[in-house]
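Notes for the structure review
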Amino acid sequence: MSRKDVVKGVVDYFNGEQWNTFITGHLMEPKEEIYHAHVYVDTSIHPDSLMKVMEGYFKAKGWDLDRKIDLTSPKPNVAGLHGIHPFGMPHFDFFFRFNPNAVLEPMPPTAKEAEHGSNLLSWGKSYQDNFLSKFNFKCVGPREEKEIRNYFLSRHWKKTLEYTVDDNVTHCHGYVEINFDPKILELLANEALAKIGWTVEKVVPCVFDVHGEYRGKIVYLIGNPEKMFDIGWVYNPNVTIKPSEDVWVLGTPGFDLWTWPMYDKVLADGNFQPLTDDEVKEVVAAFK
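The rules behind these values
- Residues numbered from 1 in each chain as written.
- Predicted model: local features only at pLDDT ≥ 70, side-chain atom pairs only at ≥ 80, totals over all residues.
- Heavy atoms only, no water.
- Core = buried A, V, L, I, M, F, W, Y, C linked by side-chain atoms within 4.5 Å.
- Buried < 20%, exposed > 50% of the residue type's maximum accessible area, 1.4 Å probe, protein only.
- Helix = DSSP H or I, 4+ residues; strand = E, 2+ residues; numbered from the N terminus.
- Contact = heavy atoms within 4.5 Å.
- Pairing = 2+ DSSP bridges.
- Phe/Tyr/Trp six-rings, centres within 6.5 Å; stacked < 30°, edge-to-face > 60°.
- Lys NZ or Arg CZ within 6 Å of the ring centre and 35° of its normal.
- Salt bridge = Lys/Arg side-chain N within 4 Å of Asp/Glu carboxyl O.
- Polar contact = N/O pair within 3.5 Å; in protein donor to acceptor, adjacent residues only side chain to side chain.
- 1 Å grid on protein atoms, 1.4 Å probe; cavity = no way out; pocket = protein on both sides within 12 Å on 5 of 7 lines; lining within 4 Å.
- Points joined across faces, edges and corners; volume = space filled by probe spheres on them.
- Nonpolar A, V, L, I, M, F, W, Y, C, P; charged D, E, K, R; others polar.

So, the nonpolar core
General note: in soluble globular proteins, nonpolar side chains tend to be found buried as a group. Ranked by size, the top nonpolar core spans 42 residues in total, and within it Phe-14, Trp-19, Met-54, Phe-58, Phe-92 and Phe-94 carry the most contacts. For this core, the elements supplying multiple residues, two or more each, are α1 (3–14), α2 (17–27), β1 (34–43), α3 (47–60), β3 (78–84), β4 (91–98), α8 (260–269) and α9 (277–285). In this structure Phe-94 touches Tyr-13, Trp-19, Val-39, Val-41, Met-54, Ala-79, Gly-80, Leu-81, Ile-84 and Leu-104, once residues within four positions along its chain are discounted. Ranked by size, the runner-up nonpolar core spans 39 residues in total, among them Val-78, Ile-148, Phe-180 and Ala-189.

Dropping the structure here:
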């Protein structure tokens, strides 16, 4: 394939159906507030180049990103541009797997690396309202409030923060069991973070896949330090709050840690090809 065809393939994707459905029907959904979205693609383009193109695309459209993009891998064979946040819009993740026959194209929805039979998903207020309606949350009184505040003095909470800033970790989930509305957990977590000087820029309620089952989480976009982490929660009517002792996805009880070795393995297993600086400029020029 010629370099001209490679450049054209990248431009064609951003002018294509999946991406434009994402922009108009998910990122800019007019009917309700959207909290988060996932896009899944096949590609042979190096993620460093994809990151430059992504930044250039939003700048060209007048929607500059207000945070850095994180490179990460959530599971085998899949890596991603994580935490993409155009100013004033929902943040989203752009996940990819290596395909030597694809420049940049939608991942087949039936692929095992896709999510619940889809290559494009978003979660908004109506989804979250429906998800939370399934749980019989209990009232939080003074005793329960004290228990929750004590959690933010626990070793589990401190480990969540340590993992979040660990140079070997690209993204951290810390897991708890609760019997109350997770909005209360969010508000008291905000207080705990303020006490240590972490600046919360944005918090969104969401869900994520645990072996085919969606569970709740609270996504934190921190400004200082510029990091993201999630508090995952599962409903347990018999406790106010406790650290989860279960393995959820990746093997660490009470946590899921996406690490640089996981990301490096995805890159090592595929022959990802970088774009030159001039090719990136040519691609981005097509968006203006």
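Examining the environment of Trp-157
In this fold, Trp-157 is placed in helix α6 (residues 155–164). Exposure remark for Trp-157: the relative accessible area of 3% places this residue in the buried category. The spatial distance from the C-alpha of Trp-157 to the C-alpha of Pro-243 is 8.3 Å, given a sequence separation of 86 residues.

Points about the pairing of β4
Summarising burial for β4: seven of the eight residues are buried, a large majority. Inspection of the sheet shows β1 paired to β4 by eight bridges, in the parallel sense. Directly across from Val-39, in β4, lies its bridge partner Phe-94. With four bridges joining them, β3 and β4 adopt antiparallel strand pairing. Directly across from Gly-80, in β4, lies its bridge partner Phe-95. Where β3 folds back on β4, the antiparallel hairpin that results is connected by six residues, among which Gly-88 adopts a positive phi of roughly 80°.

Regarding the packing of aromatic side chains
Taken as a whole and assessed by the stated rule, the structure comprises 39 aromatic pairs. Taking the centre distance of 6.3 Å and the plane angle of 45° together, the rings of Phe-58 and Trp-63 count as tilted. Classification of Phe-58 as buried rests on a relative accessible area of 0%. With a centroid separation of 5.3 Å and an interplanar angle of 70°, the aromatic rings of Phe-135 and Trp-233 are classed as edge-to-face. Pair noted here: Phe-135 is in the loop between α4 (125–132) and α5 (142–151) and Trp-233 is in strand β10 (residues 227–235), with a separation of 98 residues, a long-range link. The class for Phe-135 is partly exposed, based on a relative accessible area of 22%. Among the aromatic residues, ring-to-ring pairing joins Tyr-13, Phe-14, Trp-19, Phe-22, Tyr-57, Phe-58, Trp-63, Phe-92, Phe-94 and Phe-287 into one connected group. The ring of Trp-248 has Arg-215 lying over it, and the distance from NZ or CZ to the ring centre is 4.5 Å.

Overview of the pairing of strand β8 (residues 199–210)
Of the strand pairs in this sheet, β8 and strand β9 (residues 213–224) are connected by eleven bridges, and their pairing is antiparallel. Note on β9: the bridge partner recorded for Val-210 is Glu-213. Turn length for the β8-β9 hairpin, with the two strands adjacent in sequence and antiparallel, is two residues, and the turn residue His-211 shows positive phi of about 50°.

Things to note about the pattern of salt bridges
The tally for this structure, following the rule as stated, stands at 20 salt bridges. Between Lys-8 and Asp-12 there is a salt bridge, with its nearest N and O atoms 2.7 Å apart. In this pair, Lys-8 and Asp-12 both sit in helix α1, four residues apart, roughly one turn of the helix. With a relative accessible area of 47%, Lys-8 lands in the partly exposed category. Overall, the relative accessible area of 37% leaves Asp-12 in the partly exposed class. Counted as one network, the salt bridges with shared partners bring together Asp-42, Arg-97, Lys-112 and Glu-113.

Some points on the side chain of Asn-179
For Asn-179, the location among the structural elements is in the loop between β7 (169–178) and α7 (182–195). There is a polar contact of 2.8 Å between the side chain of Asn-179 and the backbone oxygen of Val-239.

Some remarks on the layout of surface pockets
Taken as a whole, the largest pocket holds about 460 Å³ of empty space. In terms of lining, the largest pocket is formed by 25 residues, of which the most central are Pro-74, Lys-75, Phe-208, Asp-209 and Trp-258. Counting only elements with at least two residues in the lining of the largest pocket, the list comes to β1, β2 (70–75), β4, β7, β8 and β12 (255–259). In terms of residue class, the lining of the largest pocket is built from ten nonpolar, eight polar and seven charged. The calculated volume of the second largest pocket comes to roughly 310 Å³. In terms of lining, the second largest pocket is formed by 21 residues, of which the most central are Tyr-35, Gln-128, Lys-183, Glu-186 and Pro-205. Listed by contribution, the elements that provide at least two residues to the lining of the second largest pocket are β1, α4, α7, β8 and β9. Along the lines of polarity and charge, the residues of the lining of the second largest pocket split into eleven nonpolar, two polar and eight charged.

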